[in-house]
Amino acid sequence: MSGRLIRIRGTVQGVGFRPTVYGEALKHSITGHILNDGEGVLIKAFGAEADLDAFITAIKDNCPPLGQIDSIDWCNLSDIELNCCDPVPDRFAIVESVSSSARTSIAADARTCPACLEETLSPNSRRYRYPFTNCTHCGPRLSIISGIPYDRPNTSMAPFALCSDCLKEYKDPLDRRFHAQPNACYVCGPVVELVRTDGLRLSRAERPQSDDVDIAASLILKGQIVAIKGIGGFHIACDATNAPVVALLRERKKRFAKPFALMAKSIEMIERYCHVSEEEKALLSSAAAPVVLLDIKAPGNIASGIAPGQNTLGFMLPYTPLHHLLLSAINQPIVLTSANLADEPQCTDNDDTLRRLAGLADFVLLHNRAIVNRIDDSVARVVQGQTVVVRRARGYAPAPISLPPGFEGMGQVLALGGELKNTFCLVKDDKAILSQHMGDLEDAATYIDYLKNIDLYRRLFQFEPTIIAIDQHPEYLSAKLGRQMLEESKGAKPITLESVQHHHAHVAACLAEHNYPISAAKILGVALDGLGYGEGQLWGGEFLFCDYYGYERLATFKPISMPGGSMAMREPWRNSFAHFVSAMGWNSYLADYEKIELTEFFKTKNLATFESMITNGINSPLASSCGRLFDAVAAAIGICREVASYEGQAAIELEAIASNEELCSNEQNAVYPFAISNLDSGLPYLEPAGMWQALLGDLARQVSAPVISARFHRGLAVAVANMVKKLSIVDSSPRFDTVVLTGGVFQNRLLLQLTRDLLQVHGFTVLTPARIPANDGGIALGQALIASANSLERK
Ligand SMILES: [Zn+2]
Ligand SMILES: [Zn+2]
Ligand SMILES: [Zn+2]
């Protein structure tokens, strides 16, 4: 007989870990006990040596689906412990938690598991058609938790007392609902209710002999718009094949171009519309169940208003029993888009929500469980066989990210993120916890949510920052909040405020997710972005020689005026005009391209004013932005010329039309040329004048937009690769061998693939964002790591 003390760390609480260990203990004739504590799971195990070995191996091999084992350490119990003090127990037991779960991580919400789905759909089960069926291996987590430890009283399930049947499951270590906090059934759990948003009662015609979920499905099929309260927020649903209702939804949401997400009941149904690779199937069916961006195969009967100007559709599979029940009665895809409402934590009466939804939906499928934490759907895609997360929210957050080597023993850091696509990030206990996607902080409801969630995360992770990291942009609300926190902390525990350059943060986030050690060699970060604040200027196309501690800007894109400031982000043609003025001067442009259609368009604008704004620098800040270059090119060829109605629209539509045939062409003019010149300061930059001459020449010859788009993408990739090559050699010796490609522009799959391939051919190691978004959703992680590195240096 031997004894071992086994310590397991990772995501091991609230995921069904103890019952798994209990089951394995019985199988391997192990006695002793298991308990949760502040560091994870602790096991005292007694048995024969061989059985103990097999027991530990079995734990490793049978980690529950939502769990994640970071480490298993064990030591032998001494003879004294074995024989004297503690008599060897004759059975294995689960002991109550001894302290809070502050050090362990909180699992993300997970899609319905196959066992729960089967139960929900089986007429013999007591949960037949119950929309809130879940177990330890599936269901809500972050969306319902309000405090620690993760026990039912600290969740929005608190008002629902377990019935005797559910309690029996909850207490049985061999049941898959052992300690499943949201466990519920018809008798004791939340219920759904369908209501009309105009406050009237459902008529008899609207309510035939079926349940509310069934009625909601039939209303959707009849062309009604139905709001649905989900686990992390409200969605609006309608028939995706009904063009007039999709148009009506756009009208009501005042969202005229941004694509709507779709849900379909099965992969087979999605395959009617899109190509779905094996990797994409796995991603669609993963526990996170994100919206997956898929290449359109045949639009079929999908309404064209779903994703205007795109060559992809965003599909997800049902991820709650409610979705499964709803979709089982609908034989076509439905729109399932966020209702853009922040649900108040104590919103037990749904009246307020109803009032706000009244203008959007005809009916609402409500339920009586509060949403504690608003979580949007995640968005992901597969690029060259690899999953790339575009929006990291439900199903991914708040899964912890291990810190790279060298960051051990860091203090507690809070990074407040950017402005658009905001997330925030905590560093504690050698882990980074990146929040779910919050959105645009300029939106008042989002900002309130942001404050609320920072507060919640502080409680959940028992977190008190000593370092706060913010973006350098003085006007970002997140940066203002950081300064306010510093102000309020005066007199209390000292806080250090670190202001981090935007593109440096983009690069550091990518290094962190690739576990790049703090002491490793400096790399070249290529951050192609919309706009970020850099040393008093606007940046957005930067080549930074850097590590976590700092950066040196080795090269940039050409700084070009943005006439009208932020108006230039909304009206892409302004950027074309500014580029022409910069590349050749307006008169010279007119002399050469008087007759092209673009010039006709320009003549409708008051160009004299814009030209004098640019030459005199009035409300026309210079920006070295790659995003604005994309705007300029798109508008020049007639894409999204007048107005862009969402961030990145021009670039996304430009990528979508690029001609595949042209991309493979060997013709000499298939690649538009960029030159490398030097600014007055001596800083090298990419000069686009030659690119514009070639592009405008093609426009004059009426070369098609898809061909022009392809030539531009290839030209830009070659230009970036050439710049990297040039920068990599200094005094005839190599300066770096690793290149990071990041920033919002690199969400462009075409540009990313072309650039990565070119750099790899030249022998560079190329790192690109995958689990952490390339856009501003990732910069909080980068801010946290940069601030941590600098505090280590100060020590
Ligand atoms: Zn389940
Ligand atoms: Zn029950
Ligand atoms: Zn950015």
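From a predicted model like this one, the values you see are computed outputs, not experimental measurements. (Residues numbered from 1 in each chain as written. Chains lettered and ligands numbered in written order. Predicted model: local features only at pLDDT ≥ 70, side-chain atom pairs only at ≥ 80, totals over all residues. Heavy atoms only, no water.)

Novice: Please explain the environment of Pro398 as it appears in this structure.
Specialist: Residue position: Pro398 is located in the loop between strand S15 (386-391) and strand S16 (401-402). On the basis of relative accessibility, which here comes to 0%, the residue Pro398 falls in the buried class. Along the chain, Pro398 and Ala107 lie 291 residues apart, while their C-alpha atoms are 6.9 Å from each other. Among all residues touching Pro398, those that are not within four sequence positions of it are Ile106, Ala107, Ala108, Leu142, Ile433, Leu434, Tyr457 and Phe461. (Helix = DSSP H or I, 4+ residues; strand = E, 2+ residues; numbered from the N terminus. Buried < 20%, exposed > 50% of the residue type's maximum accessible area, 1.4 Å probe, protein only. Contact = heavy atoms within 4.5 Å.)

Novice: Honestly, the coordination of the zinc ion (ligand 3) in this entry has me stumped. Any pointers?
Specialist: In ideal tetrahedral geometry, four donors around a metal make angles of 109.5 degrees, whereas ideal octahedral geometry with six donors gives angles of 90 or 180 degrees. Taken together, His502 (NE2), His506 (NE2), Asp529 (OD) and Asp776 (OD) make up the full set of protein donors to the zinc ion (ligand 3), lying 2.1 to 2.2 Å away. One way to put it: the 4 donor atoms around the zinc ion (ligand 3) meet at angles of 87 to 165°, and that makes the site irregular. Here the donor residues of the zinc ion (ligand 3) share one chain and are spaced in sequence as H-x3-H-x22-D-x246-D. Here Asp529 lies in strand S22 (residues 523-534) and His506 lies in helix H14 (residues 502-513), a separation of 23 residues in the sequence. (Donors = N, O, S within 2.8 Å, 3.2 Å for Na, K, Ca; no water. Tetrahedral: all angles 85-135°; square planar, octahedral: opposite > 155°, others 65-115°.)

Novice: Looking at this model, I keep getting lost on the layout of surface pockets. Mind explaining?
Specialist: Remark: the empty space left among the atoms is shown by a probe the size of a water molecule rolled over them. The volume enclosed by the second largest pocket comes to roughly 610 Å³. The set of elements that each furnish at least two residues to the lining of the second largest pocket consists of strand S4 (68-76), S15, S16 and H14. (1 Å grid on protein atoms, 1.4 Å probe; cavity = no way out; pocket = protein on both sides within 12 Å on 5 of 7 lines; lining within 4 Å. Points joined across faces, edges and corners; volume = space filled by probe spheres on them.)

Novice: Please explain the packing of helix H6 (residues 212-221) against helix H10 (residues 321-328) as it appears in this structure.
Specialist: Relative orientation and spacing of two packed helices are given, respectively, by the angle between their axes and the distance between those axes. At a minimum axis distance of 8 Å, the contact between H6 and H10 shows a crossing angle of 50°. With respect to their mutual orientation, H6 and H10 come out oblique. Considering the relative orientation of H6 and H10, their crossing is right-handed. Contacts between H6 and H10 involve Val213, Ala216, Ala217 and Ile220 from the first element and Leu322, Leu325 and Leu326 from the second. Looking at side-chain class alone, the contact of H6 with H10 contains 7 nonpolar, no polar and no charged residues. (Axes fitted to C-alpha atoms, helices over the stretch in contact; angles between N-to-C directions. Parallel < 35°, antiparallel > 145°, perpendicular 65-115°, else oblique. Left-handed = near helix turned anticlockwise from the far one by under 90°. Nonpolar A, V, L, I, M, F, W, Y, C, P; charged D, E, K, R; others polar.)

Novice: Looking at this structure, I do not really get the packing of aromatic side chains. What am I missing?
Specialist: For any pair of aromatic rings, the description rests on two quantities: the centre-to-centre distance and the angle between the ring planes. Scanning all chains against the criterion turns up 28 aromatic pairs. Consider the rings of Trp539 and Tyr551, whose centres lie 6.3 Å apart with planes at 85°: the pair is edge-to-face. In this pair, Trp539 sits in strand S23 (residues 537-546) while Tyr551 sits in strand S24 (residues 551-557), placing the two residues 12 residues apart along the sequence. On the basis of relative accessible area, Trp539 is assigned to the buried category, the value being 0%. An angle of 55° between the planes, with centres 5.9 Å apart, marks the rings of Phe577 and Phe602 as tilted. (Phe/Tyr/Trp six-rings, centres within 6.5 Å; stacked < 30°, edge-to-face > 60°.)

Novice: Could you clarify how one ought to interpret the coordination of the zinc ion (ligand 2) in this entry?
Specialist: Around the zinc ion (ligand 2), the donor atoms from the protein are Cys163 (SG), Cys166 (SG), Cys185 (SG) and Cys188 (SG), and they sit 2.2 to 2.4 Å away. For the zinc ion (ligand 2), the 4 donor atoms are set out with angles of 102 to 120° between them, so the coordination reads as tetrahedral. Counting the intervening residues between successive donors of the zinc ion (ligand 2) yields the motif C-x2-C-x18-C-x2-C. Across this residue pair, the class does not change: Cys185 and Cys188 are buried.

Novice: What should I look at first to understand unusual backbone geometry in this one?
Specialist: It is generally the case that most residues other than glycine have a negative phi and that most peptide bonds are trans. Pro398 follows Ala397 through a cis peptide bond whose omega is 0°. Phi is positive for Ser29, close to 55°, though the residue is something other than glycine. Mapped onto the elements, Ser29 comes out in the loop between helix H1 (17-27) and strand S2 (31-37). One non-glycine residue with positive phi stands out, namely Lys254, at about 55°. For Lys254, the location among the structural elements is in the loop between helix H7 (243-253) and strand S9 (262-263).

Novice: Would you mind going over the confidence of the model for the protein with me for this structure?
Specialist: Close inspection of predicted coordinates is inappropriate for parts of the model with low pLDDT. Mean pLDDT over the protein works out to 92, with 96% of the residues at or above the 70 mark. Per-residue pLDDT stays below 50 along residues 343-348; that stretch engages in 15 contacts with residues further than four places along the chain or on separate chains. (pLDDT = per-residue confidence, 0-100.)

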